[in-house]
Amino acid sequence: MEITVSNVSKSFDDKNVINDISFTIPAGTICCLLGPSGSGKTTLIRLMIGAIGADQGSIRFGDVPMPDMNMLKKIGFMPQNDALYDDLSAEANLTFFGGLYHLGKKALEERIDEVLAIVDLTEHRRKLVKNFSGGMKKRLSLAASILHSPDLLFLDEPTVGIDPVLRRTIWEQFQRIKHAGTTIIVSTHVMDEVTECDRAALIYNGSLIEYDAVPTLLDKTENGRVDELFFMASGSVEGGAET
Ligand SMILES: Nc1ncnc2c1ncn2[C@@H]1O[C@H](COP(=O)(O)OP(=O)(O)OP(=O)(O)O)[C@@H](O)[C@H]1O
């Protein structure tokens, strides 16, 4: 499903955090929101999923203006901080989240098998989450966010604190989810992750400084690194863009 963001602005306490942002994410793509810490990525995701309202502008999923209660069922969201129950097993966590989505018992059992396989946690399904590593928790959190086979999946800094090897595995899982037909919006401040995405929206100080297909964006640079676009737009990226 296509997402259209039109002239969206948001302030907190008179501080302009999102500044007149417009862009369209085509259905079936992975789009990353890339920017330094504090640039406004999480706020933009929260605006898109309807967790907070825009001061100005509008957001549509397909033809439907957001927020829309029916559309919420079609959205998956993985927050920056895992919302898992430590004293429950992986499987029990998924059963709990599946209950929230009102999946029937049999359909839920089948879907739990599927999502555990997608995130490579099948053999750990009966372990308590408190015995999971950080990376395993991230993968379980991802599994929970796709239980209801969402059309749109929003991932807020899903690879933060994850080592490079596991990061690769997680990106392979995102590609798998995309190929199953889900449009993915993923925020990151890791510049290298841009190459995993089809399109990238570069956010700096609450403004959209670039938005395009990733190869087109990289063609605009001299060194093939997207950091350069932040340097060009800002003169300096002090305060933040990690590589
Ligand atoms: N509820 C809020 N009230 C006041 N200020 C807020 C609120 N939410 C976000 N902000 C401010 O908006 C700015 C953008 O924050 P946001 O979390 O969207 O950035 P981010 O790019 O996601 O950063 P990070 O990569 O560190 O998560 C920051 O200056 C932050 O302090």
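Residues numbered from 1 in each chain as written. Predicted model: local features only at pLDDT ≥ 70, side-chain atom pairs only at ≥ 80, totals over all residues. Heavy atoms only, no water.

**Student:** Please explain the side chain of Thr 188 as it appears in this structure.
**Tutor:** Position of Thr 188 relative to the elements: it lies in strand β8 (residues 183–188). For Thr 188, a relative accessible area of 2% gives the class buried. A polar side-chain atom of Thr 188 sits 2.9 Å from the main-chain amide nitrogen of Val 190. Side-chain polar atoms of Thr 188 contact the side chain of Glu 193, separated by 2.6 Å. With sequence-adjacent residues up to four places away left out, Thr 188 is seen in contact with Cys 32, Leu 33, Leu 34, Gly 35, Lys 41, Glu 157 and Glu 193. (Helix = DSSP H or I, 4+ residues; strand = E, 2+ residues; numbered from the N terminus. Buried < 20%, exposed > 50% of the residue type's maximum accessible area, 1.4 Å probe, protein only. Polar contact = N/O pair within 3.5 Å; in protein donor to acceptor, adjacent residues only side chain to side chain. Contact = heavy atoms within 4.5 Å.)

**Student:** Teacher, can you tell me more about the sheet that holds strand β2 (residues 15–25) here?
**Tutor:** Sheet strands associate in pairs through backbone hydrogen bonding, adopting either a parallel or an antiparallel arrangement. Strand order in the open sheet formed by 4 strands is β2-β1-β4-β5, with antiparallel pairing between adjacent strands. For this open sheet the edge positions go to β2 and β5 (64–65), each flanked by a neighbour on one side alone. Relative to strand β4 (residues 56–61), strand β1 (residues 3–12) is paired through 5 bridges, and the arrangement is antiparallel. Across the sheet, residue Thr 4 finds its bridge partner in β4, namely Arg 60. Packed onto the sheet, helix α1 (residues 41–48) meets β1, β2 and β4 and runs at close to 60 degrees relative to β2. (Pairing = 2+ DSSP bridges. Axes fitted to C-alpha atoms, helices over the stretch in contact; angles between N-to-C directions.)

**Student:** What am I meant to see in the domain arrangement of the protein here?
**Tutor:** The extent of an interface is frequently quoted as the accessible surface area lost upon association of the parts. Taken domain by domain, the protein consists of domain 1 (1–74 + 151–162 + 183–243) and domain 2 (79–149). Distance from the C-alpha centre of domain 1 to the C-alpha centre of domain 2: 27 Å. Between domain 1 and domain 2, the contact holds 10 residues from the first and 10 residues from the second. Between domain 1 and domain 2, a total of about 680 Å² is buried, with carbon and sulfur atoms accounting for 57% of that surface. Among the residues of domain 1 in contact with domain 2, Leu 153, Asp 156 and Ile 162 are the three that bury the most area, contributing 45% of the side total. Linking domain 1 with domain 2 are 0 salt bridges. The interface formed by domain 1 and domain 2 includes 1 residue pair in polar contact (both at pLDDT 80 or more). (Domains from an automatic or database assignment. Buried area = accessible area lost by both parts, 1.4 Å probe. Salt bridge = Lys/Arg side-chain N within 4 Å of Asp/Glu carboxyl O.)

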